[in-house]
Amino acid sequence: MRMGRKHPVSRRNVLRGVLGGAAVSVGLPFLDWMLNDSGTALAAGAPIPVRFGTWFWGLGHTPGHAVVGKTVTGHGIDFKGECEALVRHRGIINYFGEFNMPLDGRSNYPHSSGWIASRTGSAPDKDEEVPATTYDLLIADKTGARTRLKTIDLTCTGNPSHSYSARGTYTRTAAEVSPMAFYARLFGPDFVDPNSAEFTPDPRIMVRRSVLSAVKEERHQLMKRIGASDRAQLDEYFTSIRELENQLDVQLQKPAPNEACEIVPPPRDDGVLGSTAGVEIEKVEATHEAFTRILAMAVACNQTSVFNMVFSDSFSGLRRAGESLTHHSLSHEERLDPELGLQPQTSWFNKRSMGALATFIDIFAATREGDGTLLDNVLIIAGSETSFARTHSIDDVPFMTVGRAGGRIKTGYHVVGNGDPSTRIGLTTMQIMGLPVDSWGTRSLKTSKTISDILA
Amino acid sequence: MRDWTRPFCKLATLVLCALCLTACSPREPDPTGAPPDIRRLTENQYRNIIADIFGGAIVVGGRFDTPVRTDGLLAVGARNATVTPGGLTQFDEMARSIAEQVTSEPNRRFLIPCQVADNAAYDDACARQFIERFGRLLFRRPLSDAESATRVGLVRETTAALGSFTEALSSGLASLLVSPQFLFIADGLEADPQKPSSYRLDGFSIASRLSFLLWNTAPDDALLRAAESGALHTQTGLEQQVERLMASPRLTAGVRAFFSDMLGFSEFDFLEKDSIIYPAFGVAAARDAKEQTLRTIADHILQQDRDYRDLFTTRRTFMTRTLGLVYRLQIQAPKGVWQPYEFPPDSPRMGIQGHLSFLALNSHPGRSSPTLRGVAIREMLLCQKVPAPPPDVDFSGFNDPDSPNKTARQRLSAHSTDPACAGCHRITDPIGLALENFDGAGQFRLTEEGVPIDSSGVLDGIGFDDWNGVGTALRGNPAVPACLVNRLYAYASGITPAARDPWIAYLGDHFARDGFRVKALLRRIATSRTYYAVTPAEAADGASAVAANFAAADHEGY
C-alpha cells in the first residue's frame, strides 16, 4: 500500500503532537521513483526502492591490462589482469570503455579534471574548481527527502576531504572516516527499528525540528542584511536546514517493516580502522570492508537512498608498509617493465583496488532483500579520475555500473563509447534514477545521448 | 669657555629629527573600503568560543565541513564557505551535545544563571536571562527582541512538551548554536555620523574583527561593552581595546592560529610517516613537532618581540623528550613537559625551516621531497605561485633502481633535462635540495644510499653551501617580510590584497621601520581606519543592502 505524505509538521503542531503522546503507525511513504520495475517487494508488501551509489578509486587502470578491449558494444566483459577479481561479478556489471572527456582547451588539472568533469558534466576552469553540482547530489535531491539521511559519504583514507561529492568549489561534502563513528551515528539512539511492532514518535525529534524552525524564522531578516553576493552562501545554509527538517519528518513516521533490515554488530575498535588508519593498503582495505558491512545494512534498512564510497583518493596515497613510494609516486616514477608492458608495483595497487571493489560487491550480494539481494535494487557507478595515471590521461577513464537498479537495466555488457563524452554515463544514470533530464553537461561534454544498450 | 648653547642645539636637533621622522613617515592611505565580510567560523574558532563561554570541560565532538585553502590561506577560503547538508547535520549534533552538557550536572550549577527550583515548571525570567546572556556572547551582539522572543518561546513550549525546564533550556541553547548568526561572522553596517550618506561597521562588527584577529575567538564581555558604548568608534577607545587584547595571554592563540594557517599546519591532521622507515616519528612526535614550531614562533614574536626575519635563523626553540628522540638529542625533561632549548652553533638546525614540522610535513610518507620543500618555501614564505606540473610528466627515470643516480639531486638533475619540467624545478629544487640532509621525517643525514649529499643551493641569486644557507638567504630576502604582510592582512580581512595595493605597501614600509616586529604590525592593522572601512554591498534586488540593513535593525530593536 502506498501512502501519501502528511503535511509538513509545523513547530506548534509538533509540540501539540507531543502533548498528545500519540503512538502512530504510519507507513514510510515511497515515491514512484522508488518502485522497482520487476514487481518484487518487501515481505510486508511495500515496494523495494532503488538506491544509487558511487564507488571511487584513484589512478584508474593500466591500459590493456584490465579488460580485453572491444570494437562494438556487446554482452560479455572479459576482465583480466588488474580486474581479475571482478570476473566473478561480471554478470552484475556493465563496463564502459573508450568514453572521453573533451576539455575544450582547458587545462587537464592532474587528478581533478577527470572526476570533476565526469561527475558535474563541466570541465573546471581552474585547479580544484567544482563548476556544478555532482550528479549524486542531483539524484539525492530527488530521492533523498524520504530517507533519514539524504546521503552517506564514506572515505577509507582517514581524510574527510577525500570526497568527490559537491555542490560547488566551497561546498564539498566532508566524508565519514571512522567506521565506529559511522556505526554509532547510524544505529545509535536516533535509529528506529522498522520491524518493531510499536512506533511512538520521539518527542525529542519533535523538539529538534522546533529548534530548526526557530532558526528558519530568522531567514528573512538575515537575508535583508547582506549583499547579493553573500546570499548564495546563506541560501545554501538554509537549504541544509530544510533538508535536515525533512529528515526529521521521516523520523517522525513509522518506517515500513523490512525483513532485510538486520542490525549488524559494531566494528571492533582495534586501533586500525578509521581516522588513525592512514593510507597503508591493508588498513584501507580493513576500513573499507568495515564500512561496507555497515553501509549495506544502512541501505537495506532504507536509512539513505544515495551513498558515496571512496576507496582511495584521486592522488592515491595508498602505500605498502616499509616502502618509500606511494601508489601515486609509483605511477609517475616506476619504469614500465618492457616484458610485462606495465609498471609492476603501480599495477599491484590497481589490482588491489579492484579486489576491494569485488569485496564491496560480495558484501552487497550477501545481503538478502526481497526475493533476491541488495544488488538487485542498487545502481552503483564505480569509476576513477584517470585512465593511465602515468600520463594523467582522462580519455577512456574506467567506469562501471554495478547492480540491476530494480530491473531497469541489463547487465554484463561491455559498452564501447567510440570517443563519446563520458557524460553519457552520467546522463543515463540520472535517467535510470528517474530524473527528468534529457541532456546534461556543458560545451563538448554536453550530451543528450542515453546509453540505451543497457536499458532493460 | 664652555658653549652653553650646545646641549640646547643637540636637543633641538633631536626634536627636529623626531619631527622629521614623523613627518616623513608615510601616512595611512585613504581607505578605499571593502565589501562587508561574511565568513563561516573555522573549526578552531568554534572550539575556542565554546571553551571561552562554557569552559574547557565541554567536549566538542564531530566533524566540520572541509575547509578550502584559497590563495594560501584557509581564512580566505572561509569567506566563501557555506554549510552543506552533511555539515549542518554535524553542527546540529554538536549543538545538541554542547547544550546538553551545559544544562546537565554539574555544569548547570554555574552555567544556568538562576536556581531551578522545580524542573517541571517553566521559569520565564530564568529562560530569558539564559537565552539573552549566552545569545549575546554567541551572536557577538545583543539579541534582537524577535530573536530572544523566538527562543524564549521555544523554551516555554518545550518545557510543556517534555516536562523538563533544563532540557528546554538545552533546546533553546541548541537553537543559538545552530543559527547562522553564530556560525557565520557577518558584518553589520550603520550610518556614519561623520560622513553623511556613508556607512560604517557597527561597533559589534568592529569588536568581532578585533577579537578574531587577535584572539581567534569571539569578543569577550568587556569588548562587547566597548562596542555597546560606542567607544570602538573613537580612536582612543579602539586603541585602548587593542592594547588590552594585545596585553592578554590570549594573543598567543591568535598569533598561533595565523601562523598555523600560513604554514599549512592543518595538514598535520593527516600526516603519516612509514613506521618501518621512520620508527621514531609517530603520532606523538608529529603532534610535538607542530607544537614546537608554534611555540617557537609565539615566543620569538610575542615574548621576545624580535625581528620576524630572525625566525629563519634562530636556534632558540622548545623541546620535549619525544622530540629529542627524533632530533637524536638527550632531553632530560619529564615526558610531556616542554623546556626551552637552543641548538648549538655547530648544529645543522637553524630557523623554523629546519624544524621537524616543516621538513616532515613537506615530504612523502617514506622519503624526503626537495620539490615539495621548495614549493612550500616559494608559496608559503615568499608568496610566489609555483605552476602545477604538466599533465603528461614522466618521472620514470627518477626511481629507476638500475640508475647510477642515487641522491635526489642526481635524480632530479636527470629529470630536469625535460624542458617542460625544467622551468618550475629551477625555482623549487635549488632551495629544496639544500635541505636534503634532512630525510622525510626531518632527521639529519649525511648520505643517501651511501652517497654524500650535496646541500649547496641558491635562492633568488644568493648562493649557499649548505642547509644553514637557506635560513640566511631567507633572512635577507625582501620577499619574506613582504609575504608576511600580505598574508597577515589577507588573514585579517579574508581578502587577498591586490598587487601593488598602496595599503599593503604602507604596511610593509612601517613593518620595516618597526624592525619587522609582528606585534607592531598587528597593532597597526588593528588600529587603522582601513581595516574597518567598508563599502556597501549591493542587495539582490539592486538596492543598497545597507538600506535594508537599517530597516531590519530598526525593526529588530537594536
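On a predicted model such as this, the values are computed, not experimentally measured, just so you know.

A short note on the overall build of chain B
Then, in step 1: Along its length, chain B carries 24 helices and ten strands.
Then, in step 2: Of all 558 residues assigned to chain B, the portion counted as buried reaches 47%.
Then, in step 3: Taking all contacts inside chain B whose residues are at least 6 apart in sequence as the whole, residues at least 24 apart take part in 67%.

Observations regarding the interface of chain B and chain A
Then, in step 1: Counting residues at the interface gives 68 residues for chain B and 63 residues for chain A.
Then, in step 2: Broken down by element, the residue count for the side of chain B that touches chain A peaks at nine residues, all from helix α7 (residues 145–162) of chain B.
Then, in step 3: Residue composition of the side of chain B that touches chain A, grouped by class: 34 nonpolar, 20 polar and 14 charged.

Focus: the sheet that holds strand β4 (residues 152–155) of chain A
The pairing of strands in a sheet happens through backbone hydrogen bonds and is either parallel or antiparallel.
All names here are of chain A.
Then, in step 1: Across the sheet, eight strands lie side by side as β2-β10-β3-β9-β8-β1-β5-β4; this open sheet has mixed pairing. Lying at the two open borders of the sheet, with one neighbouring strand each, are β2 (74–75) and β4.
Then, in step 2: Summarising the sheet, strand β8 (residues 378–383) and strand β9 (residues 399–402) pair through four bridges and their orientation is antiparallel. Paired with I381 across the bridge in β9 is T401.

Observations regarding the environment of A376 of chain B
Then, in step 1: With respect to the helices, strands and loops of the structure, A376 of chain B is situated in helix α17 (residues 370–381).
Then, in step 2: Classification of A376 of chain B as buried rests on a count of 24 C-beta atoms within 10 Å.

Quick word on unusual backbone geometry
Both trends apply: most residues other than glycine have a negative phi, and most peptide bonds are in trans.
All names here are of chain B.
Then, in step 1: The residue after E105, namely P106, is reached through a cis peptide bond having omega 0°.
Then, in step 2: Within the fold, P106 resides in the loop between α4 (85–102) and α5 (108–111).
Then, in step 3: A positive phi angle, near 55°, is found at C383, a position not held by glycine.
Then, in step 4: Note on placement: C383 falls in the loop between α17 and α18 (408–415).

So, the nonpolar core
The nonpolar side chains of a soluble globular protein tend to be buried with one another.
Then, in step 1: In this structure, L177, A207 and L210 of chain B are the most contacted members of the largest nonpolar core, which totals 148 residues.
Then, in step 2: The greatest single-element share of this core, amounting to eight residues, is contributed by helix α21 (residues 479–493) of chain B.
Then, in step 3: Once residues lying within four places of it in the same chain are set aside, the contact partners of L210 of chain B are L223, Q241, V242, L245 and A526 of chain B.
Then, in step 4: With 92 residues, the next largest nonpolar core counts F56, A174, L186 and I425 of chain A among its residues.

Notes on the packing of helix α5 (residues 203–216) of chain A against α7 of chain B
Any two packed helices are characterised by the angle at which their axes cross and by the distance between the axes.
Then, in step 1: At a minimum axis separation of 10 Å, α5 of chain A and α7 of chain B run at an interaxial angle of 170°. Of the possible angle classes, the one that applies to α5 of chain A and α7 of chain B is roughly antiparallel. Note on element contacts: α7 of chain B touches α5 of chain A through T150, R151, L154, T158, A161 and L162 of chain B, opposite P203, V207, S210, V211 and A214 of chain A.
Then, in step 2: Here the contact of α5 of chain A with α7 of chain B is built from residues that sort into seven nonpolar, three polar and one charged.

Observations regarding the pairing of β8 of chain A
All names here are of chain A.
Then, in step 1: Burial analysis of β8 places six of its six residues in the buried class, which makes it a mostly covered element.
Then, in step 2: Neither face of β8 is open: one carries V378, I380 and A382, the other L379, I381 and G383, and all of them are buried.
Then, in step 3: For strand β1 (residues 51–56) and β8, the ladder comprises six bridges, and the chain directions are parallel. Looking at the pairing, F56 lines up with G383 of β8.

Re α21 of chain B
All names here are of chain B.
Then, in step 1: Across its 15 residues, α21 extends 21 Å between first and last C-alpha, which sits within 8% of the 21 Å expected from 1.5 Å per residue.
Then, in step 2: Where α21 is concerned, the buried positions are V480, C483, L484, V485, N486, R487, L488, Y489, A490, Y491 and S493.
Then, in step 3: Those residues of α21 that are buried lie in contact with α3 (74–77), α13 (251–262), α17, α20 (467–476), α22 (502–513) and α23 (518–526).
Then, in step 4: Following α21 by one or two positions, G494 has its phi on the positive side, about 80°.

Some details on the packing of helix α7 (residues 228–251) of chain A against α4 of chain B
Then, in step 1: It is at 9 Å that the axes of α7 of chain A and α4 of chain B come closest, and there the two elements cross at 70°. Here α4 of chain B runs roughly perpendicular to α7 of chain A, going by the angle between their axes. Viewed along their axes, α7 of chain A and α4 of chain B form a crossing whose handedness is right-handed. Judged by residue contacts, S240, I241, E243 and L244 of chain A of α7 of chain A engage P85, L88, T89 and D92 of chain B from α4 of chain B.
Then, in step 2: Grouping the constituent residues of the contact of α7 of chain A with α4 of chain B by class yields four nonpolar, two polar and two charged.

What to know about α13 of chain B
Every α-helix carries 3.6 residues per turn, so stepping three or four residues along brings you back to the same face.
Residues and elements named next belong to chain B.
Then, in step 1: For α13, which comprises twelve residues, the first-to-last C-alpha distance of 17 Å matches the rise-based estimate of 16 Å (1.5 Å per residue) to within 8%.
Then, in step 2: Those residues of α13 not exposed but buried are G254, V255, R256, A257, F258, F259, D261 and M262.
Then, in step 3: Tucked into the core, α13 has its buried residues touching α2 (43–54), α3, α10 (203–214), α14 (283–303), α17 and α21.
Then, in step 4: After α13 finishes, the residue G264 shows a positive phi value of roughly 70°.

Focus: the confidence of the model for chain A
Then, in step 1: Taken over all residues, the pLDDT of chain A has a mean of 87, while the share at 70 or more is 88%.
Then, in step 2: Long-range and interchain partners of residues 1–39 of chain A, a stretch whose pLDDT sits below 50, account for 73 contacts in this model, where long-range means more than four residues apart.

What to know about the confidence of the model for chain B
Parts of the prediction with low pLDDT should not have their coordinates interpreted in detail.
All names here are of chain B.
Then, in step 1: Confidence along chain B averages 89 in pLDDT terms, with 87% of residues attaining 70 or more.
Then, in step 2: Every residue in residues 17–23 is under pLDDT 50, and counting partners more than four places away or in other chains gives zero contacts.
Then, in step 3: A low-confidence stretch, residues 539–558 stays under pLDDT 50, and its non-local contacts, those more than four residues away or across chains, total 38 contacts.
Then, in step 4: On the interface metric, ipTM, the complex scores 0.85, and its pTM is 0.87.

Topic: the environment of G114 of chain A
Then, in step 1: Within the secondary structure layout, G114 of chain A lies in helix α2 (residues 113–120).
Then, in step 2: When neighbours within four sequence positions are excluded, G114 of chain A is seen to be in contact with M101, E385, T386, I394 and V397 of chain A.

Looking at the environment of S314 of chain A
Residues and elements named next belong to chain A.
Then, in step 1: For S314, the location among the structural elements is in the loop between β5 (306–310) and α9 (327–333).
Then, in step 2: Each C-alpha atom of the pair S314 and E385 lies 6.4 Å from the other, and the pair is 71 residues apart in sequence.
Then, in step 3: Residues contacting S314, with those up to four places away along its chain left out, are G58, H111, S112, W115 and E385.

Cut-off values and rules
Residues numbered from 1 in each chain as written. Chains lettered and ligands numbered in written order. Predicted model: local features only at pLDDT ≥ 70, side-chain atom pairs only at ≥ 80, totals over all residues. Helix = DSSP H or I, 4+ residues; strand = E, 2+ residues; numbered from the N terminus. Buried ≥ 20, exposed ≤ 12 C-beta atoms within 10 Å, placed from the backbone. Contact = placed C-beta atoms within 7 Å. Nonpolar A, V, L, I, M, F, W, Y, C, P; charged D, E, K, R; others polar. Pairing = 2+ DSSP bridges. Core = buried A, V, L, I, M, F, W, Y, C linked by C-beta atoms within 7 Å. Axes fitted to C-alpha atoms, helices over the stretch in contact; angles between N-to-C directions. Parallel < 35°, antiparallel > 145°, perpendicular 65-115°, else oblique. Expected span 1.5 Å × (residues − 1). Left-handed = near helix turned anticlockwise from the far one by under 90°. pLDDT = per-residue confidence, 0-100.

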